[in-house]
2 protein chains.
Amino acid sequence: MNNLRFATALHILTLLSQQPEELLPSEYLAGSINVNAAVVRKEISNLRNHGFIQSKEGKGGGSMLAKPASEILLSDIYQAVRQAAILGRNNAPNPACPVGKQINAHLEDLYSEAEANLIRSLSKKTLADFARQFS
Amino acid sequence: MNNLRFATALHILTLLSQQPEELLPSEYLAGSINVNAAVVRKEISNLRNHGFIQSKEGKGGGSMLAKPASEILLSDIYQAVRQAAILGRNNAPNPACPVGKQINAHLEDLYSEAEANLIRSLSKKTLADFARQFS
DNA sequence: TTGTACTGTAATAAATAATATTACAGTTAT
DNA sequence: ATAACTGTAATATTATTTATTACAGTACAA
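Residues numbered from 1 in each chain as written. Chains lettered and ligands numbered in written order. Predicted model: local features only at pLDDT ≥ 70, side-chain atom pairs only at ≥ 80, totals over all residues. Heavy atoms only, no water.

J.: Any chance you could explain the pattern of salt bridges here in plain terms?
T.: Oppositely charged side chains can form a pair if their charged atoms are brought close together. Residue and element names in this part refer to chain A. On inspection of all chains with the given rule, the structure shows eight salt bridges over all chains. Across the pair Arg82 and Glu115 runs a salt bridge whose closest N-O atoms are separated by 2.4 Å. Taken together, the positions of Arg82 in the loop between α4 (74-81) and α5 (98-122) and Glu115 in helix α5 put the pair 33 residues apart, joining distant regions of the chain. Residue Glu115 is classed as buried on the basis of its relative accessible area, which comes to 9%. (Salt bridge = Lys/Arg side-chain N within 4 Å of Asp/Glu carboxyl O. Helix = DSSP H or I, 4+ residues; strand = E, 2+ residues; numbered from the N terminus. Buried < 20%, exposed > 50% of the residue type's maximum accessible area, 1.4 Å probe, protein only.)

So, in structure tokens, the structure goes:
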């Protein structure tokens, strides 16, 4: 997660939540976020697959929220853009070493637990809570 | 944190905690972890700066824990290798947009809160707790 | 006092990952 | 038809991470 995806996704969703009746084009969203429109469209595609957004093609098209901002948890957004374990990747340790042989299993346990805690804490806020701060 | 540093650091410290009286050379540690010895020495240097490890140069030298494993919290290790916010980086959004102008401040708040929760959860386990699983 | 086995550190290279750019076929409104 | 969009893929660029190499410095031990 040393990347821009969470910030980008949340930015997109915040903008959409402010005009929930409007179809906003990707160029407009990209202009506010200051990234390339193709990047925005790719993230929108992901968020759409997760059911947060619906889009319309063609002239006058764009994207809007597919459900109320109050029903989208920040943990849902996190999980939609999640790519790797929160505490990082593992090595490929030496299986001939007693520690090396077992460490990845124990690291995985630790990572899942830490991530479950993170998700629990993010699930306490909705997109609506986050977006409300901007009005 | 989409990297190997947390896993590497915890692996080093686990090995050291198993032979708390011995000076273990970086080549040996690197062999168990299966990374380059220079990488191990660099991480050791960082962990030493944080007071977890002491090293001895020269023949017969190596590293050992500088304090009991029961006094090293997993959150301390996390903080020693931490490089970026847990939820990722921010964009450089358009300041002409009302959302773009404010979003980074709100993201920072969210990141700090999430990170504080993570640290709290990691602080409940010590290196000794983690290493105990291997015996 | 010399050889051996280490550390500490830096410079560079290589590999991997993330992002930007470009392009264009397909869709819809007018 | 034309214009304004989306969806998606291919490629290029940039950034980040890791590996490699090198070597001066330190300490032990014969």
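J.: Looking at this structure, I do not really get the interface of chain A and chain B. What am I missing?
T.: As a measure of interface size, the accessible area lost when the parts come together is often cited. Taken together, the contact between chain A and chain B spans 49 residues of the former and 49 residues of the latter. Of the roughly 4200 Å² buried between chain A and chain B on both sides combined, carbon and sulfur atoms contribute 62%. Linking chain A with chain B are two salt bridges. Of the charged contacts, one joins A:Glu113 and B:Lys125 as a salt bridge, the two residues approaching to 2.9 Å between their closest N and O atoms. Applying the counting rule to chain A against chain B returns 16 residue pairs in polar contact (both at pLDDT 80 or more). Listing elements by their share of the side of chain A that touches chain B, those giving two or more residues are α1 (5-18), α2 (26-33), α4 and α5 of chain A. Ranked by the residues each element gives to the side of chain A that touches chain B, the list is headed by α5(A), at 15 residues. (Contact = heavy atoms within 4.5 Å. Buried area = accessible area lost by both parts, 1.4 Å probe. Polar contact = N/O pair within 3.5 Å; in protein donor to acceptor, adjacent residues only side chain to side chain.)

J.: Where do I start with empty space enclosed by the protein in this structure?
T.: Empty space among the atoms becomes apparent when a probe as large as a water molecule is rolled across them. Inspection of every chain in the model, using the stated rule, returns two cavities of 30 Å³ or more. Forming the walls of the largest cavity are A:Leu110, A:Glu113, A:Ala114, A:Asn117, B:Leu74, B:Ser121, B:Leu122 and B:Lys125. By residue number, the principal contributor to the lining of the largest cavity is α5(A), which donates four residues. (1 Å grid on protein atoms, 1.4 Å probe; cavity = no way out; pocket = protein on both sides within 12 Å on 5 of 7 lines; lining within 4 Å. Points joined across faces, edges and corners; volume = space filled by probe spheres on them.)

J.: How should the protein's contact with DNA strand C be read in this particular structure?
T.: Neighbouring DNA strand C are 25 residues; A:Leu4, A:Glu57, A:Gly58, B:Ser26 and B:Arg48 lie closest to it. Here DNA strand C approaches the protein such that, of its atoms within 4 Å, sugar and phosphate make up 65%. A:Lys56 has a polar side-chain atom sitting 3.0 Å from a phosphate oxygen of DNA strand C. Measuring from a phosphate oxygen of DNA strand C, one finds a side-chain N or O atom of B:Ser45 at 3.5 Å. Put simply, the parts of the chain that give the surface near DNA strand C at least two residues each are α3 (37-49) of chain A together with α3 (37-49) and β1 (53-56) of chain B. Of the residues that constitute the surface near DNA strand C, the class distribution is five nonpolar, ten polar and ten charged. (Near = heavy atom within 4 Å. Nonpolar A, V, L, I, M, F, W, Y, C, P; charged D, E, K, R; others polar.)

J.: Explanation requested: the protein's contact with DNA strand D in the structure shown.
T.: Taken together, 25 residues sit near DNA strand D, with A:Ser26, A:Arg48, B:Leu4, B:Lys56 and B:Gly58 positioned nearest. Those atoms of DNA strand D that come within 4 Å of the protein belong to sugar or phosphate at a rate of 65%. A:Arg41 places a polar side-chain atom, nitrogen or oxygen, 3.0 Å from a base nitrogen of DNA strand D. Between a sugar or linking oxygen of DNA strand D and a side-chain N or O atom of B:Glu57, the distance comes to 3.1 Å. Broken down by secondary-structure element, the contributors of at least two residues to the surface near DNA strand D are α3 and β1 (53-56) of chain A together with α3 of chain B. Tallied by class, the residues present in the surface near DNA strand D amount to five nonpolar, ten polar and ten charged.

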